[in-house]
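# A structural walkthrough
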Amino acid sequence: MLEFKKDDFKAWLALAPTLLLMALFTFWPIINSFVMSFLEGFSFTGMPPERHPYAWIAGGTFESVGFSNFTQVFLDPDFWLALKNTFYMVIISVPITVILGLLIAVALNGIKRFQSFFQTVFFLPYVTNTIALGLVFGSVFHSEYGLINNLFNTVGLAWINSGATWGRSMFVLMAYTIWNGLAFKILVFLSGLQSIDKQYYQAAQVDATPRWRVFLKITVPLLSPMILYITITSFIGAFKAYSSVIAIFGTGSYGPVGNDKMLITIVGFIYDKLWESSMPFGVASAGSMILFIIIMLITLIQFQISKKRVHY
Amino acid sequence: MEKEKINFTDETNSNPSKKIELKSIEVRLQNLTKEFVDKAGKVTIAVNDFSVVIPAGKLIGLLGPSGCGKSTTLYLIAGLHKPNAGRIFFGEDDVTNTPPEQRGIGLVFQNYALYPHMTVRQNIMFPLENMKIPKQEARERAMEMAELVHIGELMDRKPNQLSGGQQQRVAIARALVKKPRVLLLDEPLSNLDARLRLQTREEIKRIQRETGITTIFVTHDQEEAMSISDEIVVMNYGLKQQMDKPQSVYEEPVNHFVAKFLGNPPINTYDAKIKNGQLVIQDNSVVEKGFDYEDQEVVMGLRPEYLRISQNGKIPAVIDFIEHIGRDTMIICDIPETDQRLRAIVPSDKELKVGQLVKFNYSKLFVFNKETGERLR
């Protein structure tokens, strides 16, 4: 049993506001959507055919308990499209941002002059509004007056406008996602690099260690806790991709005009299901549960792998 | 099994049954100067016109208080710092502009800098892998080096599973495994507790003797330097003060600083004057004659063990404190009418009391100029 010491009381008191808010806005919604995902024909209003013993939990009415919400998700072609898109986004953006972030951080750490200037430059995207950044990307890749098309003399080629292919739109989306996510990763890696004892590098230098070996055998292992942290949070972030798509294609659309579900993501799918009038709320909940399980599984796998590779 | 092995360093034999002998070379530093400029533009001269010849195959201690430039000198020899002026020679090679990786040095850092994510074996093999030495040979060489420093059974541990002394040995093995021309040790004993220190310094001496490598180590601990060095170099303010065998430096210091820096308990200093060729102390009594110098203020240096209590002693003092240290007794005395004190080591059989007036004679006396510290006698 935990002992309730005098100091514990102060600690709990200090934590209370956060815990209360977390309980209200994080823990309860998680439990609630878990429950809701199993409630069939759930509605916040309307008359129940029968009072169910667990009705009070969800705060609404429903017809029965079962897996029909999940079946509905799995039968929806949009879900499979969203799953495919999200997987591609994860697989493309996570490795590139982590590796690119690491390389840029190492490069930044290596320069002597103007270091803080370049650090500021690379950190700017982080403090820039993501929607504004999306607008910039939108105009850069615009089919008529976009910078890219002008540069490569391909005016009229649709990247994100009507007629764009999946590949081209995904390219723009990934470029945007990587650019947007890079700054924070660089910052974390840079602070990690600066905490590595310089003597390791001097020792490596005295032993005539080639650069790539210094990077792979010394920097990467010593930075591995940070790399794990960044990889896991990047995976989670990429699986939850939503606002990036909206930022590129505009409110309510996940693709170019005429094909507005082309790059729909899982979160986008869930969000859509919430607003579809014929759709019970349970379907969106079921979608969230599926996303939750995917993220949890992948995180667990990563922790398992990291046991051998991460050196604390 | 392949019997022949590739020798990467011409002089050495990689047959593990033979003793590991390394090539000994002389290290010469000529007028070495290193200045550091801080952000405000303030210049600090860490090493000042420093010249020294380190004989081949010797263990040399660079000794001095913190900030005296001894570590900077070591890093200059290693090539991790670039000198502003002067030259460095390894044997006949001028290595002044040679990058550290091409100098053929083994460097043991103060906190060892063992890679924490690698095992002892991987740490020791690391320099060999950089030299692209075949894995099998690298493993053998790592093992024979580990056995030389007596850590053969710890090869699969990680550094954080080792004691400080064991880590030190791993660091030495890693430095020696590539058969360097010079071994450099930065404060090798400062991270160890007192008992390990004693053991490790003998160990360093043994390893150095067995391999015959020219070894330079840095320390601020005079006892450490004196106990294992073939010769010591005393530094202060970036300047070489004296270089000689430890005992010679102790017995014949060239100046006040060296005399004060060596010896524990420290040397007694006692203000005096030279007047008409005579050495005169506070109460105007003449201590010594025959000083062929102008009249000047001087400092007398008397090592505690040089002092004897004697009926016709020349220096009167009042016992303030008596400390029994086994065989001997240490007494601390006030010199009347001054604020100066004397520390003396006397045989325990003497009956002494606090407050008693005693007179000291001495077996040896140093006299230094008070301002320059230069030794007059």
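Rules of the game
- Residues numbered from 1 in each chain as written.
- Chains lettered and ligands numbered in written order.
- Predicted model: local features only at pLDDT ≥ 70, side-chain atom pairs only at ≥ 80, totals over all residues.
- Heavy atoms only, no water.
- Helix = DSSP H or I, 4+ residues; strand = E, 2+ residues; numbered from the N terminus.
- Buried < 20%, exposed > 50% of the residue type's maximum accessible area, 1.4 Å probe, protein only.
- Areas by Shrake-Rupley, 256 points an atom, 1.4 Å probe, with all protein chains shown as cover.
- Lys, Arg positive; Asp, Glu negative; His and termini not counted.
- Charge placed at Lys NZ, Arg CZ, Asp CG, Glu CD.
- Contact = heavy atoms within 4.5 Å.
- Buried area = accessible area lost by both parts, 1.4 Å probe.
- Salt bridge = Lys/Arg side-chain N within 4 Å of Asp/Glu carboxyl O.
- Polar contact = N/O pair within 3.5 Å; in protein donor to acceptor, adjacent residues only side chain to side chain.
- Nonpolar A, V, L, I, M, F, W, Y, C, P; charged D, E, K, R; others polar.
- Core = buried A, V, L, I, M, F, W, Y, C linked by side-chain atoms within 4.5 Å.
- pLDDT = per-residue confidence, 0-100.
- Phe/Tyr/Trp six-rings, centres within 6.5 Å; stacked < 30°, edge-to-face > 60°.
- Lys NZ or Arg CZ within 6 Å of the ring centre and 35° of its normal.

What follows is about the overall build of chain A. A tally of helices and strands in chain A yields 13 helices and 2 strands. The dimensions of chain A, computed from C-alpha atoms along their principal axes, are 80 × 70 × 30 Å. Every one of the 312 residues in chain A was classed for burial, and the buried ones make up 42%. Summing over all exposed atoms, chain A offers an accessible surface of approximately 17,900 Å²; the carbon and sulfur share of this is 70%. Looking at chain A, you have 19 positive and 14 negative side-chain charges, and the mean spots of the two groups are 17 Å apart.

On to the interface of chain B and chain A. Taken together, the contact between chain B and chain A spans 22 residues of the former and 18 residues of the latter. Surface buried jointly by chain B and chain A totals about 1,800 Å² across both partners, of which 57% is contributed by carbon and sulfur atoms. Summed over the three residues of chain B that lose the most area to chain A, namely Tyr115(B), His117(B) and Asn130(B), the buried surface amounts to 31% of that side. Taken together, the links from chain B to chain A amount to 2 salt bridges. For the interface between chain B and chain A, the tally reads 10 residue pairs in polar contact (both at pLDDT 80 or more). It is helix H3 (residues 120-130) of chain B that provides the largest number of residues to the side of chain B that touches chain A, a total of 4 residues. Its residues placed into classes, the side of chain B that touches chain A shows 13 nonpolar, 4 polar and 5 charged.

Now for the environment of Lys82(B). Residues and elements named next belong to chain B. On the secondary structure map, Lys 82 appears in the loop between helix H1 (70-78) and strand E4 (85-90). For Lys 82, a relative accessible area of 41% puts it in the partly exposed group. Among all residues touching Lys 82, those that are not within four sequence positions of it are Lys 34, Leu 76 and Thr 98.

Our focus in this paragraph is the nonpolar core. All names here are of chain B. Counting 99 residues, the largest nonpolar core has Phe 50, Phe 90, Leu 107, Leu 184 and Ile 216 as the members making the most contacts within it. Those residues in contact with Ile 216, other than ones at most four positions away along the chain, are Val 27, Ile 54, Ile 60, Leu 62, Leu 74, Ile 77, Val 182, Leu 183, Leu 184 and Leu 185. Core analysis: the second largest hydrophobic core is formed by 36 residues, Val 120, Met 155, Ala 173 and Leu 192 among them.

Residues and elements named next belong to chain B. For chain B, the mean per-residue pLDDT works out to 86, and 95% of the residues sit at or above 70. Below a pLDDT of 50 lies the segment residues 1-18, which in the model reaches 25 contacts outside its immediate sequence neighbourhood of four places, other chains included. Here the complex is predicted with pTM 0.78, and the ipTM for its interfaces comes to 0.79.

Turning our eyes to something else, we now look at the packing of aromatic side chains. Overall, the coordinates contain 27 aromatic pairs over all chains when judged by the stated rule. Both rings, one in Tyr306(B) and one in Phe366(B), keep their centres 6.1 Å apart while their planes meet at 75 degrees; by these two values the pair is edge-to-face. In this pair, Tyr306(B) sits in the loop between strand E14 (296-302) and strand E15 (307-309) while Phe366(B) sits in strand E20 (residues 366-369), placing the two residues 60 residues apart along the sequence. Per residue, the accessibility class of Tyr306(B) equals that of Phe366(B), and both read buried. Centre to centre, the rings of Phe366(B) and Phe368(B) are 6.1 Å apart; their planes meet at 50 degrees, and the pair counts as tilted. Grouping residues by exposure puts Phe366(B) and Phe368(B) together as buried. Counting every residue linked through ring pairs, the aromatic cluster contains Phe137(A), Phe141(A), Trp159(A), Phe171(A) and Tyr176(A). Directly above the ring of Phe126(B) sits Arg213(A), whose terminal nitrogen or CZ lies 4.5 Å from the centroid. The side chain of Arg28(B) reaches across the aromatic face of Phe89(B), ending 4.4 Å from its centre.

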